[in-house]
Amino acid sequence: MKKWLKNNLSFVIYALFYCFLLTCTCLVFTKMTSYLPAYILIIVFSVISFIFNNLFYKNIFFNTKNKVIIKLKNITKTKLEKYDWILILIFALLFTFLIILGNYHTTFEKINTLNIILINFIIAPFGVFLIWEEILRFLAKLAKSFTIKEKDKKFSSQKILLISWAVISTIFLLNLIFVNYPGIINGDATKQINQALKNSYSNHYSFWITLIMKFFLECGNLIFSNYSIGIFMYCAFQVFILSLSFALIITTVYQLNLNKVLIIILGLWFCIMPYHTIMSNTMYTDTLFTASIIFFTIFCFRYLKNIGNQKLNLIFSIISALCICLFRPNGIYVIILCAIFLLIIFLKNKNLKLLKFSIWAVLIAALIIQNPVLDVLNVEKTDIINHISVPAQQVSKVLTENKDLTQEQIDLIDNVVPAEKIKNLFNRDNFDNIKFYVRDHGNQQFLNENLAQFIMLYINIGLKHPFEYVIAWADLTKDYWSPYKDQMSNIQKEFLGFDLKIDTLNFKDISTAWNLYNINFSNYLGVFQSIGLHFWFLLLAFFIALIKKDKILIFTFLPCLFVAFSIIIASPVQGEIRYMYAMFCLLPFLWTAVFCNNRKIKEIANNE
């Protein structure tokens, strides 16, 4: 034993140091305001990674013939390159920043003694960094040495698609009929139904989805003389589209020749997670937008991997890209960035000329549709206040805290909306109060005409008060990048603002059972509904894709990442799953894809 300690003294010192920092960090975590179960999960992963990285590597488990331990020992012996260590450093620092900033109330605002300064600013950040370094180091080694086993296919992919589509859509549809009939109508849907029935349209909530709603509403009224049936038909349409996107994910994984157990797990994940059922039953524009993101991601992946019919893969990639541009204001930015990165990542690849050209053609078509076409149809465009939520919130915070703004700056703000009114409406978690007031009572025309002055106003105030800007951004967006509980349970049916009777079906026992399941799931497994935790796992999967230097994998992550970043940069409200729902749907597929190395499939994107 003494000889072993002497030979492994550096390891023993590091192990003690790691345990000390881990203990201090855990004590800080218990005082943090965010979602503690998520941090417990990360600490557990870190301890497991520490065991794999160090104990196995140092032959603590020697003289064993256990096959699993032998395989893990082989993984831990994988050598990391300089490129891998740079990525580990970058991502460990990123996660440390997200945790410290996401809990600034604990780390920044309760400083009164030297030991708190020492723990909050030195020990805890370094402990968080070490926690993530262990996790990332193990994932890097795992990415280089582990792949999911392949199995021969026994069924046709068409059968898998139809069966999975039928099962998932049936579960969602039964829930719609017996629990949520005719559908969950939220505030945005209320306004869209109002627009559809009064033929007065705005693109704030996607004019094109409003037209789809109008089609089903008119069908329900024309055939059954009942708008409730029209609402049910629209929600059923959502159910079939969303469940088809899930079925496509399952089918694609199956075509990668992966284990059937994994296919079943994926199917169960889509069926039992409450947010999938709720989103499919709710009249959200976000549901069809999410389905478009899924279709675009999967069909591009299939095209790059040469899976299935290439013509169909290309056609549906184009259609889904156009839908992304039309179904949400930030959608066009997602496709622009995907088009740019497609050119950069596959710069010399001649096989992808058609895909590159098609996506740029979609962008041109979308710009024409969203501008001249909407003008011809007299559709009100998305107003500017909808695009500047975060900058306006940052200025509002500085104004509310009575910082030293000049009279000239206050007068400029008064031309759009009274500065005193902003102070009364300000909510650090939600910009909607100010946004709706500006939309209804403010002077957005003045804002548009003097945009350059307001940009300078934003910059000048930010230079004087950078800390307030950072805190305002963190307050408005932290639920998306730091683990907090979700707000899915807040969705309720709302009364429509006009004379429209909504029928309901009386299945109290079934509704009670579903609500009980939903409540218990949130109470005991709520960590699986945390937006921030899902974002962390998205970043971890992307880290693995970067470690593997797989261009196809890297591009496959981009649509989901760009949606997430667009919300993090410009979210109008804190922590709503619907904005990041695409991440919840695609994450199981992305984690499967990064550990799949199917050599039977000819990847056209890598034939450069």
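None of the values given here were measured: they were computed from a predicted structure.

## A few points about the overall build of the chain
Summing up its helical and strand segments, the chain has 28 helices and zero strands in all. Counting across all 608 residues of the chain, residues that qualify as buried make up 56%. A separation of at least 24 residues holds for 80% of the contacts in the chain among residues at least 6 apart in sequence. By element, 65% of the accessible surface of the chain is carried by carbon and sulfur atoms, the whole surface being about 27,900 Å².

## What to know about the pattern of salt bridges
On inspection of all chains with the given rule, the structure shows 17 salt bridges. In this structure, the salt-bridge partner of Arg-578 is Asp-188, at a minimum N-O distance of 3.4 Å. You can see Arg-578 sitting in the loop between helix 27 (551-570) and helix 28 (581-594) and its partner Asp-188 sitting in helix 9 (residues 187-198), a full 390 residues away along the chain. Here Arg-578 matches Asp-188 in class, with each residue buried. Of the charged contacts in the structure, one is a salt bridge between Asp-286 and Arg-578, with a shortest N-O distance of 3.0 Å. Here Asp-286, found in helix 14 (residues 285-305), pairs with Arg-578, found in the loop between helix 27 and helix 28; they are 292 residues apart in sequence, far enough to count as distant. Like Asp-286, the residue Arg-578 is buried in the burial classification. Where salt bridges share partners, they join Asp-188, Asp-286, Arg-328, Glu-576 and Arg-578 into one cluster.

## Some thoughts on the packing of aromatic side chains
Within a pair of aromatic rings, the relevant descriptors are the distance that separates the centres and the angle that separates the planes. On inspection of all chains with the given rule, the structure shows 35 aromatic pairs. Aromatic side chains Tyr-201 and Phe-207 sit 5.2 Å apart centroid to centroid with 80 degrees between the ring planes, which places their arrangement in the edge-to-face category. Each member of the pair, Tyr-201 together with Phe-207, is buried. Put simply, the rings of Tyr-39, Phe-95, Trp-132 and Trp-536 touch in pairs and so form one group of aromatic residues.

## Re the nonpolar core
In terms of nonpolar packing, the biggest core is built from 189 residues, with Trp-132, Phe-535, Trp-536 and Phe-543 touching the most fellow members. For this core, the element with the highest residue contribution is helix 26 (residues 531-548), accounting for 15 residues. Setting aside residues no more than four positions away along its own chain, Trp-132 makes contact with Ile-42, Ala-92, Phe-95, Thr-96, Ile-99, Trp-536 and Leu-540.

## Quick word on helix 9
When the terminal C-alpha atoms of helix 9 are compared, their 17 Å separation across 12 residues agrees well with the 16 Å that a helix rising 1.5 Å per residue should span. Of the surrounding secondary structure, the elements contacted by the buried residues of helix 9 are helix 10 (207-224), helix 11 (227-255) and helix 14. A positive phi of about 55 degrees marks Asn-199, the residue just after helix 9.

## Let's talk about helix 24 (residues 466-481)
When the local axis directions of helix 24 are compared, the greatest deviation, roughly 50 degrees, occurs at Asp-475. Helix 24 sits mainly inside the fold: 13 of its 16 residues count as buried.

## Looking at the environment of Val-594
For Val-594, the location among the structural elements is in helix 28. A residue is classified by how much of its surface remains accessible, and Val-594, at 0% relative accessible area, is buried. Along the backbone, Val-594 and Ile-148 are 446 residues apart, and their C-alpha atoms lie at a distance of 9.4 Å. Once residues within four sequence positions are removed from consideration, Val-594 is found in contact with Ala-541, Ile-544, Ala-545, Lys-548, Leu-553 and Phe-557.

## Observations concerning a nonpolar patch on the surface
A surface patch of nonpolar side chains, amounting to about 480 Å² of accessible area, comprises Leu-337, Ile-340, Phe-341, Leu-343, Ile-344 and Trp-360. Among the elements that make up the nonpolar patch, the one with the highest residue count is helix 16 (residues 331-345) (five residues). Along the polypeptide, Phe-341 turns up in helix 16. Under the relative-accessibility criterion, Phe-341 is labelled partly exposed at 31%.

## Let's talk about the side chain of Asn-430
Along the chain, the position of Asn-430 falls in the loop between helix 20 (419-425) and helix 21 (432-441). Separated by 2.6 Å, the side chain of Asn-430 and the backbone nitrogen of Asp-432 make a polar contact. If we ignore the near neighbours within four places in the chain, the residues touching Asn-430 are Gln-393, Leu-476, Pro-572 and Val-573.

## Structural notes on the environment of Ala-392
Note on placement: Ala-392 falls in helix 18 (residues 389-400). In this structure Ala-392 comes out as buried when scored by relative accessible area, which is 17%. Distance in space between the C-alpha atoms of Ala-392 and Ala-472 is 9.9 Å, their sequence separation being 80 residues.

## As for the environment of Ala-419
Looking at the secondary structure, you find Ala-419 in helix 20. When its relative accessible area of 5% is taken as the criterion, Ala-419 is described as buried. Measuring from C-alpha to C-alpha, the distance between Ala-419 and Thr-400 comes to 8.7 Å, with 19 residues separating the pair along the chain. Residues in contact with Ala-419, not counting those within four places in the same chain, are Leu-399, Ile-410 and Asp-414.

## Focus: unusual backbone geometry
With an omega of 0 degrees, the peptide bond running from Tyr-181 to Pro-182 counts as cis. Positive phi, close to 60 degrees, is recorded for Asn-306, a residue that is not glycine. Mapped onto the fold, Asn-306 is located in the loop between helix 14 and helix 15 (310-327). Taking relative accessible area as the criterion, Asn-306 reaches 30% and is therefore assigned partly exposed. The backbone of Asn-378 sits at a positive phi, close to 60 degrees, despite the residue not being glycine. When you line up the elements, Asn-378 lands in the loop between helix 17 (353-376) and helix 18.

## A look at the confidence of the model for the chain
The predicted coordinates of low-pLDDT regions are not to be read in fine detail. Confidence along the chain averages 84 in pLDDT terms, with 85% of residues attaining 70 or more. This stretch, residues 489-495, has a pLDDT under 50; its non-local contacts, to residues over four places away or in other chains, come to 17 contacts.

## Brief notes about the side chain of Ser-49
Within the secondary structure layout, Ser-49 lies in helix 3 (residues 36-56). The class for Ser-49 is buried, based on a relative accessible area of 5%. When sequence neighbours within four positions are dropped, the list of residues in contact with Ser-49 reads Glu-134, Ile-135 and Phe-138.

## Concerning the packing of helix 16 against helix 27
Closest axis-to-axis distance for the helix 16/helix 27 pair is 9 Å, and the angle between their directions is 160 degrees. Taken together, the axes of helix 16 and helix 27 lie roughly antiparallel to each other. Viewed along their axes, helix 16 and helix 27 form a crossing whose handedness is right-handed. Mapping the contact onto sequence places Val-334, Leu-337, Cys-338, Phe-341, Leu-342 and Ile-345 in helix 16 and Lys-551, Ile-554, Phe-555, Leu-558, Pro-559, Phe-562 and Val-563 in helix 27. When grouped by side-chain class, the residues that make up the contact of helix 16 with helix 27 number 12 nonpolar, no polar and one charged.

Conventions and cut-offs
- Residues numbered from 1 in each chain as written.
- Predicted model: local features only at pLDDT ≥ 70, side-chain atom pairs only at ≥ 80, totals over all residues.
- Heavy atoms only, no water.
- Helix = DSSP H or I, 4+ residues; strand = E, 2+ residues; numbered from the N terminus.
- Buried < 20%, exposed > 50% of the residue type's maximum accessible area, 1.4 Å probe, protein only.
- Contact = heavy atoms within 4.5 Å.
- Areas by Shrake-Rupley, 256 points an atom, 1.4 Å probe, with all protein chains shown as cover.
- Salt bridge = Lys/Arg side-chain N within 4 Å of Asp/Glu carboxyl O.
- Phe/Tyr/Trp six-rings, centres within 6.5 Å; stacked < 30°, edge-to-face > 60°.
- Core = buried A, V, L, I, M, F, W, Y, C linked by side-chain atoms within 4.5 Å.
- Expected span 1.5 Å × (residues − 1).
- Bend = angle between axes of the 7 residues up to and from the residue.
- Patch = residues over 30% accessible without salt bridge, like charges linked within 9 Å, V, L, I, M, F, W, Y side chains within 5 Å.
- Polar contact = N/O pair within 3.5 Å; in protein donor to acceptor, adjacent residues only side chain to side chain.
- pLDDT = per-residue confidence, 0-100.
- Axes fitted to C-alpha atoms, helices over the stretch in contact; angles between N-to-C directions.
- Parallel < 35°, antiparallel > 145°, perpendicular 65-115°, else oblique.
- Left-handed = near helix turned anticlockwise from the far one by under 90°.
- Nonpolar A, V, L, I, M, F, W, Y, C, P; charged D, E, K, R; others polar.

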